[in-house]
Amino acid sequence: MKRHFIWAAALTVAISMGSCGKKGEIYKDPNANIEERVEDLLSRMTLEEKVYQISQQVLGFNDNMNNIESLNPIPLDSKIGSVIYMGTDYKYRNEFQKKAVEETRLGIPVIFGYDVIHGYRSVYPIPLAMGCSWNPGLLQECTKVAAQEARMSGIDWVFSPMIDVARDPRWGRIAEGFGEDPYTASQFAVAAVKGLQGDSLNSTKTVASCLKHFVGYGASEAGRDYVYSEISDQTLWDTYLPPYQAAVKAGAQTLMSAFNDISGTPASANHYTMTTVLRDQWKFDGFVVSDWGAVTQLINQGAAADNAEAAIRALTAGVDMDMTDGVYIRELEKLVNDGKLDIKVIDEAVRRVLRVKFRLGLFENPYTPDSKDEERWLLPASKEIIQKAAEESVVLLKNENELLPLSTDKVKRIALIGPMVQNAQDMLGSWNGHGLASDVTTIYDAMKEEFKDATLTYAQGCEQDGEDRSGFGLAVRTASQADVVILCLGEKNGWSGENASRSTILLPAVQRDLLDAVARTGKPVVLVLNNGRPLELVDMEPQVKAIVELWQPGVTGGKALARILSGAVNPSGKLCVTFPYTSGQIPIYYNRRNPAREATQGFYQDVTVEPLYPFGYGLSYTTFQYGKLKISADKVAAGGKLKAEIAVTNTGTRIGKETVHWFISDPACMITRPMKELKYFEKAELKPGETKVFTWDIDVNRDFSYVDSDGTPFLEPGDIYIQVQDQKVKVTVE
Ligand code: BGC
């Protein structure tokens, strides 16, 4: 039971009076330099206090179904450095904090963390959808909302953004990241860090971010979860590290070590990635928390014989804080006392944790200030931002004969069919924070509101899975009497996210059969998809006139869809991840390296080698015509600058947003390069008839250099092609 206490102004006064501390207690002096405060506090701590400081436990009801078995193996103690706070009541959190601040010897505040992946209460589209918006600025706004809601609810630190590049849609966690491309993931990672952390961490509306999962988790073999990943050093540097590097540079305060084994060294015992790269090369001065139970799991992975060895491996590799398995608390003191672990290693971890706590202002303001629910959550301005995000992340995949937007002159009777029409819960997606189904405007309600003059009918047809086809008859009758069918199919939110791998990316047979039955009526079908991963659509695509990829769009997604179907909003999303033609093509991604034989050999004998929908694909209700791609010079020296330009005209009749993707390719390099790689993108709105010149300011060293397998950048003289759509121009680096 939660016991609330009234923490009054008196408490704040007491804290602030005590904040200067006794003479010489530098760590209590808010005016002292943070590094001095850290060292002073560290010098006062006992070994036991240090070990607790770098440990994390759980407070409240655990809502992560994958982690139930290992909840708090040791009793929760207020000396603990951090808790994952599962509740939404900041008063309960303050009550725990009070024990840490007032009842422990040194009064070190606890840092409260939680998984806020795409919203705390105002749930916005899953990150994979946000990647399709090509609007990192919008993600920054959404994460700012999430930070404000979280911090005002007692959360100082969110386990987000998840920036694992993922190329296997069978892996459920592909939903949590920004797709298959390292540059795209980097841009969104930086935006998320800026939105979450703001200009200052010492605020009631910002939180510390946590980049996860460091590193290479997205390479999990065959899309299974928690498994081995085979990653060469070159691929680590080319593909998996760049988003982390960019986000560390942007000031991210923490990282989470991943579950996967990287070619024989688990990520949570990986000295190279966490110390050589992160601390030594990138000069990261925040802390690394393990993933849930990742320290003790080193035993399962075959990297440690027992918890003592697991603790040594993780800590010495750079895992500063142990998430929930209690291994540091149980093992570290003895290891130091037995002379098996140097106390300096623990000191460094403690130093890093304290530094972030000081930066968050927790010593001066350990308590979450009072506020009412309606002052924190689902504010009208926040809902506006997340609705825009839902609108911009929708991808129009097919629109035969411009069926969409629905013309209300011709379309009077609309049939809404499918298991997603009245489904609120699955619109939230996985990792939906404290989002509630009751906050969601369903597709049904939003369509009724948007199409007031039309007759709307509804039949569910079937569940998302199972064998029950008894609703097909009504669905077919409903479709037969309509001018157009909006068929809403998709995945449950638990089908993606953690521990949610699938062997195929087909929708279950019952949903595909519903589509067959409805399509046989001959009525035009608009297929709307709610899903957390790319799907195999090859057999469904020919049966429908239009396809709208709505993803798992959050609480305002129903409205976003309705406004897109009516034409109030022109879709502008483009895929940040490839949609394979069949599951058998996986992994398939745009920036693969060139094969040895060209054109006619090496392909599948039974299916095309092309995906169904490539990276960057997405339609609009208007048309954009691209002019000639130009560059300011065709030769350039190292250190030089170039300008590339392309004029784009809106040749249709509707206002619309277009994203220009700038790629490069390098036909001959000491280390082979991908067929093409994204280096820059820009999204802009164009009125009908308007022309905009999109420009890429190229910095040769930044944009044409690659890294070798040690991460050392090199610039190789020779030809490079700049590419926009199917136009290419050559530039020679001299
Ligand atoms: C997940 C992390 C998450 C953590 C805490 C783990 O199982 O892999 O992404 O942050 O639990 O909930």
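**So, the pairing of strand S14 (residues 455–459)**
Right, so step 1: Sheet topology places strand S13 (residues 413–417) next to S14; five bridges connect them, and they run parallel. Following the sheet pairing, arginine 413 is matched in S14 by threonine 455.
Right, so step 2: Between the parallel pair S13 and S14, the chain is carried across by helix H17 (residues 443–450), and the sense of this crossover is right-handed.

**What to know about the site of the ligand**
Right, so step 1: Close to the ligand lie 14 residues; Asp115, Arg173, His213, Asp291 and Glu498 are nearest.
Right, so step 2: Between the ligand and the protein, one listed contact pairs an oxygen atom with a side-chain N or O atom of aspartate 115 at 2.4 Å.
Right, so step 3: Taking arginine 173, its side chain carries an N or O atom lying 2.7 Å from an oxygen atom of the ligand.
Right, so step 4: Surface burial for the ligand is 100%, taken as the share of its 310 Å² of free accessible area covered by protein chains.
Right, so step 5: Of the residues in the shell around the ligand, the class split is six nonpolar, three polar and five charged.

**Details of the domain arrangement of the protein chain**
Right, so step 1: Segmentation of the protein chain into domains returns domain 1 (1–26), domain 2 (377–585) and domain 3 (624–733).
Right, so step 2: The C-alpha-based centres of domain 2 and domain 3 are spaced at 35 Å.
Right, so step 3: Both sides of the domain 2 and domain 3 interface together cover about 630 Å² of buried area, and 40% of this is carbon and sulfur.
Right, so step 4: For the pair domain 2 and domain 3, the number of links is three salt bridges.

**Considering the pattern of salt bridges**
Right, so step 1: Under the defined criterion, the tally for this structure stands at 46 salt bridges.
Right, so step 2: For the salt bridge of lysine 98 with glutamate 102, the shortest nitrogen-to-oxygen distance reads 3.9 Å. With lysine 98 and glutamate 102 both in helix H4 (residues 90–103) and four residues apart, this pair spans about one turn of that helix.
Right, so step 3: You can call lysine 98 partly exposed: its relative accessible area is 27%.
Right, so step 4: Here arginine 413 makes a salt bridge to aspartate 483, at a shortest N to O gap of 3.0 Å. Residue arginine 413 is located in strand S13, and its partner aspartate 483 is located in the loop between helix H18 (472–480) and strand S15 (484–490); the two are separated by 70 residues in the primary sequence.
Right, so step 5: Judged by relative accessible area, arginine 413 falls into the partly exposed class, the value being 37%.

**Topic: the sheet that holds strand S20 (residues 635–636)**
Right, so step 1: With mixed pairing, five strands are arranged side by side in an open sheet as S20-S28-S27-S22-S23. Whereas interior strands pair on both sides, the edge strands pair on one side only; in this sheet they are S20 and strand S23 (677–686).
Right, so step 2: Here strand S22 (residues 656–665) pairs with strand S27 (residues 718–724) via three bridges, running antiparallel. Paired with serine 665 across the bridge in S27 is tyrosine 721.

**Quick notes on the environment of phenylalanine 287**
Right, so step 1: Turning to its location among the elements, phenylalanine 287 is positioned in strand S10 (residues 287–290).
Right, so step 2: Since its relative accessible area comes to 0%, phenylalanine 287 is described here as buried.
Right, so step 3: The spacing of phenylalanine 287 and valine 353 is 66 residues in sequence and 5.8 Å in space, taken between C-alpha atoms.
Right, so step 4: In this structure phenylalanine 287 touches Trp157, Gln253, Thr254, Leu255, Asp320, Met321, Arg352, Val353 and Val356, once residues within four positions along its chain are discounted.

**Observations concerning the packing of aromatic side chains**
Right, so step 1: Enumeration over the complete set of coordinates arrives at 29 aromatic pairs.
Right, so step 2: Seen in terms of ring centroids, tryptophan 171 and tyrosine 217 are 4.9 Å apart; in terms of plane orientation they differ by 80°. Their pairing is edge-to-face. Remark: tyrosine 217 occurs in the loop between strand S5 (210–214) and strand S6 (228–229) and tryptophan 171 occurs in the loop between strand S4 (157–158) and helix H7 (182–197); sequence separation between them is 46 residues. Neither tryptophan 171 nor tyrosine 217 differs from the other in exposure class; each is buried.
Right, so step 3: An aromatic cluster is present here, built from Trp134, Phe178, Tyr183, Phe188, Tyr590, Phe615, Phe663 and Phe681 joined pairwise through their rings.
Right, so step 4: Lying across the ring of tryptophan 377, arginine 376 places its NZ or CZ 4.6 Å from the centre.

**What to know about the sheet that holds S15**
Right, so step 1: Spatially, S12-S17-S16-S15-S13-S14 is the arrangement adopted by the six strands of the open sheet, whose pairing is mixed. Strands at the two margins of the open sheet, each flanked by one partner only, are strand S12 (395–399) and S14. Across the sheet, the axes of successive neighbouring strands diverge by a mean angle of 15°, strand direction being ignored.
Right, so step 2: Sheet analysis places S13 next to S15, joined by four bridges and oriented parallel. Bridge pairing links leucine 416 to isoleucine 486 in S15.
Right, so step 3: Packing of helix H19 (residues 509–519) onto the sheet brings it into contact with S13, S15 and strand S16 (525–530), and relative to S15 it is tilted by some 175°.

**A word on unusual backbone geometry**
Right, so step 1: The peptide bond linking phenylalanine 214 to valine 215 adopts the cis configuration, its omega dihedral lying at 5°.
Right, so step 2: The topology assignment puts valine 215 in the loop between S5 and S6.
Right, so step 3: A cis geometry characterises the amide bond from isoleucine 586 onward to proline 587, with omega recorded as 0°.
Right, so step 4: Position of proline 587 among the secondary structure elements: in the loop between helix H20 (557–566) and strand S18 (624–626).
Right, so step 5: For glutamate 402, which is not glycine, the phi dihedral falls at a positive 50°.
Right, so step 6: Within the element layout of this structure, glutamate 402 appears in the loop between S12 and S13.

**Regarding the packing of H17 against H20**
Right, so step 1: Orientation of H17 relative to H20, taken along the N-to-C sense of each, is 40°, at an axis distance of 8 Å. Judged by the angle between their axes, H17 and H20 are oblique. At the point where H17 passes H20, the crossing takes the right-handed sense. On H20, the residues that touch Ile443, Ala446, Met447 and Glu450 of H17 are Gly558, Lys559, Leu561, Ala562, Arg563, Leu565 and Ser566.
Right, so step 2: Grouping the amino acids of the contact of H17 with H20 by side-chain chemistry returns six nonpolar, two polar and three charged.

**Brief notes about H19**
Right, so step 1: What H19 keeps buried is the set Val510, Gln511, Leu514, Leu515, Ala517, Val518 and Ala519.
Right, so step 2: Buried residues along H19 sit against S13, H18, S15 and S16.

**Some thoughts on H20**
Right, so step 1: The buried fraction of H20 is high, at seven of ten residues.
Right, so step 2: By the burial criterion, the buried members of H20 are Gly557, Gly558, Ala560, Leu561, Ala562, Ile564 and Leu565.
Right, so step 3: On its buried face, H20 sits against helix H16 (380–393), H17, S15, S16 and strand S17 (546–549).
Right, so step 4: Positive phi appears at glycine 567, one or two residues downstream of H20, with a value of about 95°.

About the thresholds
Residues numbered from 1 in each chain as written. Predicted model: local features only at pLDDT ≥ 70, side-chain atom pairs only at ≥ 80, totals over all residues. Heavy atoms only, no water. Pairing = 2+ DSSP bridges. Helix = DSSP H or I, 4+ residues; strand = E, 2+ residues; numbered from the N terminus. Right-handed = clockwise from strand over helix to strand, strands pointing away. Near = heavy atom within 4 Å. Polar contact = N/O pair within 3.5 Å; in protein donor to acceptor, adjacent residues only side chain to side chain. Areas by Shrake-Rupley, 256 points an atom, 1.4 Å probe, with all protein chains shown as cover. Nonpolar A, V, L, I, M, F, W, Y, C, P; charged D, E, K, R; others polar. Domains from an automatic or database assignment. Buried area = accessible area lost by both parts, 1.4 Å probe. Salt bridge = Lys/Arg side-chain N within 4 Å of Asp/Glu carboxyl O. Buried < 20%, exposed > 50% of the residue type's maximum accessible area, 1.4 Å probe, protein only. Contact = heavy atoms within 4.5 Å. Phe/Tyr/Trp six-rings, centres within 6.5 Å; stacked < 30°, edge-to-face > 60°. Lys NZ or Arg CZ within 6 Å of the ring centre and 35° of its normal. Axes fitted to C-alpha atoms, helices over the stretch in contact; angles between N-to-C directions. Parallel < 35°, antiparallel > 145°, perpendicular 65-115°, else oblique. Left-handed = near helix turned anticlockwise from the far one by under 90°.

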